[in-house]
Amino acid sequence: MRLNFCIRCMLGLACVQGYAQTCDYSISGRIIDRHDDSLLTGATLVLLNTGETVYSDLDGIYEFTGLCEGTLNIRVSHPLCEPSNVTISVPSNVPIDFYLEHHYEELGQVTVTGNAYATQSESLLENRVKLSTLEQFAAGSIGDALNTLSGVSSLNTGNTVVKPMINGLHSSRVTIIQNGVRMQDQEWGAEHAPNIDLNTAGQVIVLKGASALQYSGDAIGGVVISEPPRVPVKDSLFGKVILNGATNGRGGSITSTITKTYKSGLYATLQGTVKRFGDFEAPDYVLSNTGVFERDGSIRIGIKDFDYGLEGYYSYFRNDIGILRASHIGGAQDQVAAINSQQPLIIEDFTYDIGVPRQEVTHHLAQVSAFKRIENLGKVSASYNYQFNRRFEYDIRRGDDAEKPAVDLELSTHQISVDLESDLSERVSVKTGVAFNYQNNFANPETGVRRLIPDYDQYRWSVFGISDIELNSNLFLELGARFDYTTMDVLKFYRTSFWELRGYDELFPELEVETFGNQILTNPKPDFANASATAGLNYQFGNGLILYGNYSLATRAPNPSELFSEGLHHSASRIELGDLKFSSEISNKFAVTLQKNEGIFQFTLNPFVHFIDNFILIEPTRVEQTIRGNFQVWEYRQTEANLLGVDVDLRTEITDQFTLTNQFSYVWGQDTTLDIPLINMPPPSMVNALEYNVPKFHGLNLKLQSDYFWKQSRFPDNNFEVFLAETETNELVDVSTPPDAYHLISFMAQMEFPFNNSNNKITVGCVVSNMFNTSYRNYLNRLRYYADDLGRNVGLNIKVNF
Amino acid sequence: MKTISKFLILSLVILGMASCNNDDDNTPDPVNEEEVITTMTITLTPEGGGTPVVLQSRDLDGDGPDPQVITPVTVELVVGVTYNGTIVLLNETETPAENITEEVEEEDDEHQFFYIPSSGLDVTFDYGNFDGDGNPLGTEFTLVANTASTGTVNFVLRHEPNKPNDGTLGDAGGETDISVTWDVEAQ
């Protein structure tokens, strides 16, 4: 083969010499995979001067003929590689070979034109969690991986329920997209983690704003998009296995992916994860009943061509999560004892058993999607998906009920959508779509506990349009609008006493259906019309300097929890009351991002201002006497809120091998109606890391990282007093004061070992987190009252790519 | 354009099916809280005869907004008399009312009552029943008013306390199932 190539070269050269001064030169060469030197078939080479296109042949050889003397710009691309632009001069005396970065590792980062803005915003910076970072968190949760981005924190319940928080907002205000499907997994609850196995993702994108209007118009906080890895169009079989072991929790995980692809465009991917940990440990004690047992799987089968594609996808997610035993308490008097105690009141020996309280969640997601390109129209896509979310919460109960779940909810969601992407001109592209969504919630009455979330049917009709406009090669505009109409049909049992106390009996007598003892069945049918819009631009100054500016208007209908909560929330040890009269939240967010992503000093500056009308928050209003003692009553309320903040990322290449990165995030949140700080705003934080890279020595990568979190000084005072009969004293229940500042050091090391002619490799990594076993509590951890956060962990991970 | 209209028609059809499918208007069953204790009745029977003193705390809407009703306003005890106390717990949201005392007594190793008189009140409580390990349960007890005095008594039921304990709530831990306080006058 090589002989053949050389002969060709010589012939080519001979030609060049023979026909000088005419437009009859030719150039040729090979397209080579930089990673393993294999020759790439089917690469596209476009001569940008003339638009002429050639492809590399089965031997990876390309040839342009009939060239004139001068400088040529060639764009080389391959389905699996970063496209590259190269300038060459003609005539050339030597064959010109092109090396492309071609590796499974990089798949997640390849952007393929045509699909680009299906998940992109032109005017908001896309914050990416790369595949390599996701793999480091293979044994963790998606929330942990997202925490590595500036401006993204998490609201935790212990260390296994990790809810992403973007610029201070979480739960229903953050939309999570998996494989193009908006997750419907009871995201309203603060202690409900996203039901996603992060090992299904090729990369995860975070948009700190509501501009991904093709998915939702109510993402007031932002959007998290988990994208599957791309598959190449060639005959191939590849995959990976990642094994993880960790000392803290004495457990680990195994995750594996295998993909088979065909040149015809057919592909299939099978993926699975099992994760098992026992009780985690704080520096000084075992966090009893905090184990986790997760098992997930997904399968994807499809065919993809330039003109059409069809795909079926199914994923299964199952997680059993232990909730710190010491966090389950009775009333205010128990709260005093738990908060005042330096350590959890219940500490038992380490075990893998998950007792009560615990959550058992299962999520099924099935989707069929197809697209077809139609000449003079564009790309039409259609999809149908079904999600089924089952949630059990087991509590500490008495007698016959001990084995029964206290919460048993089934949430089913069907969605059908049709989109059209068209290029109106070379510079203007438009994407429009319609969607219909039906959701049913069923709360099983067998629990013997009044329903936390009532039975309901919800119907939502949506329509959106987004346009990208290229004003010139440096300036892009983006405009979008969306409208959602939501209507609910709810069957809710209220306590008659509450129904009357709120005056609902006079406001909404038409909703009353029937009275059962001290409960009343009602049939509210709220509906919400929500408009959202976005406008923005990005300007490329050159040298990697880009300015993004974005305005987004988002409106969010209140979620079932905010509307219908009415009773004791055991996991929070408080009575929570919603309000039937709530209207939609209206958010206006302005964000500017200045980014420089080339050169030895790179940075991202991202200040924002965010005004939210009808912001729904929950706050304590009084203490209620019950036979079980005193409970604090928290009521949802609507107010005006302002959030201001900035996220900063800096990256300095000190030498070829040393890189210093810094992250800083700050959010200022204020309830402007009452002029008090908003609760649960992330404290200012700073992350500094020093990385040492020697790519040539087994891809050696060493990283020392420091995470510093200030004490949150801005918080509302929700403390209250309770009388303790035993000591005959009034004791303060301090549920407000944030914990002290803390500083954590971690270290990571990684090396790669190719085998089998460099086609495969083993990557071995080691992580030490909380190196000095620092005792600390995190303001955004709902269990911070009861126990310290995690102590030191030493983890080992081994990845095999084949 | 034809393909588009096909897609639209398809979506409308599915939309229609989805809407129809779930029109069955079956009314959900109400849930009666099975574990809730609405009512605690403490009967103090004087040894050697006499009218029993009955203390009751009743909160029929559980953790709903209605306050619990505590009777009597002041519990009157006679100095020197020994009272045999029994505690009955009911869930009156169910019909007929469920006797929770039976459950508590079945799970005697996981429960314990505590009687906490205020410092000015000179009374003595003694446990009247015990779990299988000989640790106090306390749905039965004796009460003696030693001298004329006034104050309060707080009755607390703890679920899953440490057993044995030193008789204080702090040492017992666990979770509060009941905590009710009465004004008491011994004369």
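Residues numbered from 1 in each chain as written. Chains lettered and ligands numbered in written order. Predicted model: local features only at pLDDT ≥ 70, side-chain atom pairs only at ≥ 80, totals over all residues.

Student: Any chance you could explain the overall build of chain B here in plain terms?
Tutor: Scanning chain B from terminus to terminus reveals three helices and 11 strands. Counting from the amino terminus, chain B carries its helices and strands in the arrangement α-β-β-β-β-β-β-α-β-β-β-β-α-β. Going through the 187 residues of chain B one by one, you find that 34% of them count as buried. For chain B, restricting intrachain contacts to residue pairs at least 6 apart in sequence, the fraction spanning at least 24 positions comes to 62%. (Helix = DSSP H or I, 4+ residues; strand = E, 2+ residues; numbered from the N terminus. Buried ≥ 20, exposed ≤ 12 C-beta atoms within 10 Å, placed from the backbone. Contact = placed C-beta atoms within 7 Å.)

Student: Quick question: what am I supposed to make of the sheet that holds strand β5 (residues 70–77) of chain A here?
Tutor: Sheet strands line up and pair through hydrogen bonds in the backbone, either parallel or antiparallel. Residues and elements named next belong to chain A. Strand order in the open sheet formed by four strands is β3-β2-β5-β6, with antiparallel pairing between adjacent strands. For this open sheet the edge positions go to β3 (53–55) and β6 (84–90), each flanked by a neighbour on one side alone. Across the sheet, the axes of successive neighbouring strands diverge by a mean angle of 25°, strand direction being ignored. (Pairing = 2+ DSSP bridges. Axes fitted to C-alpha atoms, helices over the stretch in contact; angles between N-to-C directions.)

Student: Got a minute to help me understand the interface of chain A and chain B in this structure?
Tutor: When the parts of a complex come together, some accessible area is lost, and that lost area is often taken as the interface size. Counting from both sides, the interface comprises 57 residues of chain A and, opposite them, 54 residues of chain B. Here the side of chain A that touches chain B is composed, by residue class, of 28 nonpolar, 16 polar and 13 charged. (Nonpolar A, V, L, I, M, F, W, Y, C, P; charged D, E, K, R; others polar.)

Student: What should I look at first to understand unusual backbone geometry in this one?
Tutor: Among all residues save glycine, negative phi is the norm, and among peptide bonds the norm is trans. A cis amide bond links valine 356 of chain A to the next residue, proline 357 of chain A, at an omega of -5°. Examined against the element boundaries, proline 357 of chain A turns out to sit in the loop between α4 (332–340) and β22 (358–374). Omega for the peptide link from threonine 95 of chain B to proline 96 of chain B comes to -5°, which places this bond in the cis form. With respect to the helices, strands and loops of the structure, proline 96 of chain B is situated in the loop between β5 (82–91) and β6 (98–99). With a phi close to 55°, asparagine 179 of chain A is a non-glycine residue in the positive phi region.

Student: When you look at the pairing of strand β15 (residues 236–246) of chain A in this model, what are you seeing that I'm missing?
Tutor: Put simply, side chains in a regular strand alternate between the two faces of the sheet. Residue and element names in this part refer to chain A. As paired strands, β15 and strand β16 (residues 251–261) are joined by 11 bridges and run antiparallel to one another. By the bridge assignment for β16, isoleucine 242 is matched with threonine 255. Linking β15 to β16, which pair antiparallel, is a turn of four residues; within it glycine 249 sits at a positive phi near 95°. Relative to strand β45 (residues 793–801), β15 runs antiparallel, the two sharing seven bridges. Bridge pairing links isoleucine 242 to lysine 799 in β45.

Student: Can you help me understand the sheet that holds strand β7 (residues 111–117) of chain B in this one?
Tutor: Residues and elements named next belong to chain B. Read across the open sheet, the four strands follow the order β4-β11-β10-β7; overall the sheet is mixed. Since the sheet does not close on itself, it has two edges, and those belong to β4 (74–77) and β7, each with one partner. Going from strand to strand, the sheet's axes swing by 30° on average, the running direction of each strand aside. With four bridges joining them, β4 and strand β11 (residues 175–186) adopt parallel strand pairing. Within β11, the position partnered with valine 75 by the bridge is valine 184.

Student: Can you walk me through the domain arrangement of chain A in this structure?
Tutor: The domains assigned to chain A are domain 1 (2–102) and domain 2 (223–801). Distance from the C-alpha centre of domain 1 of chain A to the C-alpha centre of domain 2 of chain A: 48 Å. (Domains from an automatic or database assignment.)

Student: What should I look at first to understand the environment of glutamate 135 of chain A in this one?
Tutor: As for its placement among the helices and strands, glutamate 135 of chain A is situated in helix α2 (residues 131–136). Between the alpha carbons of glutamate 135 of chain A and glutamate 52 of chain A there is a distance of 41 Å; along the sequence they are 83 residues apart.

Student: Explain the pairing of β5 of chain A to me, please; I cannot follow it from the model alone.
Tutor: Residues and elements named next belong to chain A. The pairing of strand β2 (residues 44–47) with β5 spans four bridges and is classified as antiparallel. Of the residues in β5, the one forming a bridge with threonine 44 is serine 77. Strand direction decides the pairing type here: β5 and β6, joined by seven bridges, are antiparallel. Looking at β6, one finds that isoleucine 74 is bridged to valine 86.

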